[in-house]
Amino acid sequence: MSSRKGKSGRRTESEKHGYVKTKDGFKFIGGAAAVRAAAVRKGLGNRILRPGDVEKSQQLVSSSLSPFERFFAGLLKGEATDFLNKDGTTTWNSICKRLRLPFPHEPLKHYYGDQRQHFLYRASLIMEEARYAVAEGLKKFQRQSIEQERFKRNQKNRNRQRQRQGKGPQSNTMLLSLTGVEVREKHGYCTLTFAKNRGKFSPDEIQNLRQGQIFACVSQNLAPTVANSVLGCILASNRDAMIESNSFSVAVFKAVSKSQEATWRVTPVASLLTEQRKFEACVNNNTHNIPFLLPLLGGKKPTHIKFTEEDTGELVAVKVEDEEKEQPLFSRTELNQAGFHLPTLNPTQAKAAKTFLNSQPNTITIIQGPPGTGKTTLLVNTICQYLMESITGDKARLLMVCAPTNKAVSVVCTRFFGHI
């Protein structure tokens, strides 16, 4: 159905008011039909774009994905060669646009107006960390591919001269069979299932079969270059099932033909589980609502209007800061009853602990040392001293202890509770 114009080329009054002239006379249309008819008249086609259609047209990551999937979709939705651009800022900007994150065009402020904006800017920095890690992994993959090709050419020359063959350069590339391609159109990615036909996965290969691992996948029919690579990641990891089935699945965020079931070269590039967890913490709405984060980040406490009556009898509006009742891990009574057994520190550790405890607010104390030098012991001692100082102070002091991995947090907690 389409609208028709009069002999003069202009729409009639009936057509202007939602009527369309058909062979049976004028017919009233409204709603979506009217919008489609108007789009046809303007040469825009007859399709009404839905939010999902807009996301596809602008290569945005679907908002229906989980934060875990969104992280890898935003990172891997482009081409593998984008990570090797000399200007990494362009690739970083594209990743932020896909994820609808603000791109920091200038140095970050200490704190932004609200917690959500503050954390979204931090999420942008995390995506740059992930981009850099993938770029470094692809550069290593590219160097290995060049060395392998050079070795093959040398081997051919040696065979002609009947010389003894040597060992090739070490490579962590796995030669696997592509046994299945599952297209998940709703989620916007494909799942490739790879299987090892000869032998079992080695311990080193099993180590790379973990959640958040990025792989460069190249069909054996193509040259092993970054341009021919399809980047994918492991979204779900069950090593026992992988070892038993001798196969694993990789999610790729671009179309892969089901007819390409052949032998593929699969090379681990980078492990981004830590970056993914930090990203998920920054974009999670629950994080934005944590009360103690606002003063911790240097922001102002929320206020409310309180009306008071002055001596004159007039009501005056006064801004009053909201008092948030923080619940510390230990009450003062419990701290008094807890007999801390402070771990012994050497002179260097004692100096570092004193520097931190005497530091001014909004400052950072960095302590560096190789493994086995007693950093965890120093940390536990400092925590105990900090809590002991809060017993004699006028106000209970709060301390938040963070670590990059769950295991590191568990070690600190175990050591701390062992000294109470």
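What counts and what doesn't
- Along each chain, residue indices are assigned from 1 in the same order as the chain's sequence is written.
- The model is predicted, so local features are restricted to residues of pLDDT at least 70 and side-chain atom pairs to those at 80 or more, both for listing and for counting; the totals for chains, interfaces and linings are taken over all residues.
- Working from all heavy atoms in the structure, the side-chain values ignore hydrogens and water.
- Runs of E in the DSSP output that reach at least two residues are strands. Runs of H or I that reach at least four are helices, and both are numbered from the N terminus.
- Summary of the burial criterion: residues with accessible area below 20% of their type's maximum are buried, those above 50% are exposed, and those between are partly exposed, where the area comes from a 1.4 Å probe applied to protein chains only.
- Contacts: residue pairs with any heavy atoms within 4.5 Å of one another.
- We treat two strands as partners when DSSP finds at least two bridges between them.
- Aromatic pairs are defined between Phe, Tyr and Trp rings, using the six-membered ring for Trp, whenever the two ring centres lie within 6.5 Å; interplanar angles under 30 degrees are classed as stacked, those over 60 as edge-to-face, and all others as tilted.
- A side-chain nitrogen of Lys or Arg and a carboxyl oxygen of Asp or Glu constitute a salt bridge if their distance falls within 4 Å.
- Residues enter a nonpolar core if they are buried and are Ala, Val, Leu, Ile, Met, Phe, Trp, Tyr or Cys, with the set joined through side-chain atoms within 4.5 Å.

Undergrad: Can you walk me through the overall build of the chain in this structure?
TA: Per the secondary structure count, the chain includes 15 helices and 10 strands. Taking all 420 residues of the chain together, the buried fraction comes to 34%. In the chain, of all internal contacts separated by at least 6 residues, the share reaching a separation of at least 24 is 62%.

Undergrad: Would you explain the pairing of strand 5 (residues 213-219) in this entry?
TA: In the case of a regular strand, side chains alternate between the two sheet surfaces. Burial within strand 5 is extensive, with seven of its seven residues counted as buried. Here strand 5 shows no split at all, with Gln213, Phe215, Cys217 and Ser219 on one side and Ile214, Ala216 and Val218 on the other all buried. In this sheet, strand 8 (residues 263-271) lies alongside strand 5 in antiparallel orientation, the contact comprising seven bridges. Looking at the pairing, Phe215 lines up with Pro268 of strand 8.

Undergrad: Could you clarify how one ought to interpret the packing of aromatic side chains in this entry?
TA: Centre-to-centre distance and the angle between the planes together describe a pair of aromatic rings. A complete count under the given rule lists 10 aromatic pairs for this structure. A centroid spacing of 5.3 Å and a plane angle of 55 degrees characterise the contact between Phe68 and Phe72, whose relative ring orientation is tilted. With Phe68 and Phe72 both in helix 4 (residues 67-76) and four residues apart, the pair spans about one turn of that helix. Like Phe68, the residue Phe72 is buried in the burial classification.

Undergrad: How do you make sense of the pattern of salt bridges when you look at a structure like this?
TA: A pair can form between side chains of opposite charge whenever their charged atoms are brought close. Scanning the entire structure with this criterion turns up six salt bridges. Between Glu129 and Lys278 there is a salt bridge; the shortest N-O distance is 3.0 Å. In this pair, Glu129 is assigned in helix 6 (residues 115-160) and Lys278 in helix 9 (residues 273-283), connecting sequence segments 149 residues apart. By relative accessible area, which is 33% here, Lys278 ends up partly exposed. Put simply, Glu136 and Lys139 hold a salt bridge, and the shortest N to O gap is 3.5 Å. Pair noted here: Glu136 and Lys139 are both in helix 6, with a separation of three residues, about one helical turn. Judged by relative accessible area, Glu136 falls into the partly exposed class, the value being 33%.

Undergrad: It is not clear to me how the nonpolar core should be interpreted in this structure. Could you clarify?
TA: One recurring pattern in soluble globular proteins is that nonpolar side chains are buried together. Counting 42 residues, the largest nonpolar core has Phe72, Leu75, Leu272 and Phe279 as the members making the most contacts within it. For this core, the elements supplying multiple residues, two or more each, are helix 4, helix 5 (88-98), helix 6, strand 5, strand 6 (230-233), strand 8 and helix 9. Grouped together as the second largest cluster of nonpolar side chains are 21 residues, Phe194, Val250, Val256 and Val266 included.

Undergrad: Looking at this model, I keep getting lost on the environment of Glu147. Mind explaining?
TA: Relative to the elements of secondary structure, Glu147 occurs in helix 6. For the pair Glu147 and Ser171, spaced 24 residues apart in sequence, the C-alpha separation works out to 9.6 Å.

Undergrad: Please explain the pairing of strand 6 as it appears in this structure.
TA: Residues Val230 and Gly232 line one face of strand 6 and the alternating positions Leu231 and Cys233 line the opposite face, and both faces are buried. The sheet contact formed by strand 5 and strand 6 spans four bridges and is antiparallel. Following the sheet pairing, Cys217 is matched in strand 6 by Val230. As paired strands, strand 6 and strand 7 (residues 247-252) are joined by two bridges and run antiparallel to one another. Bridging from a neighbouring strand, Gly232 pairs with Val252 of strand 7.

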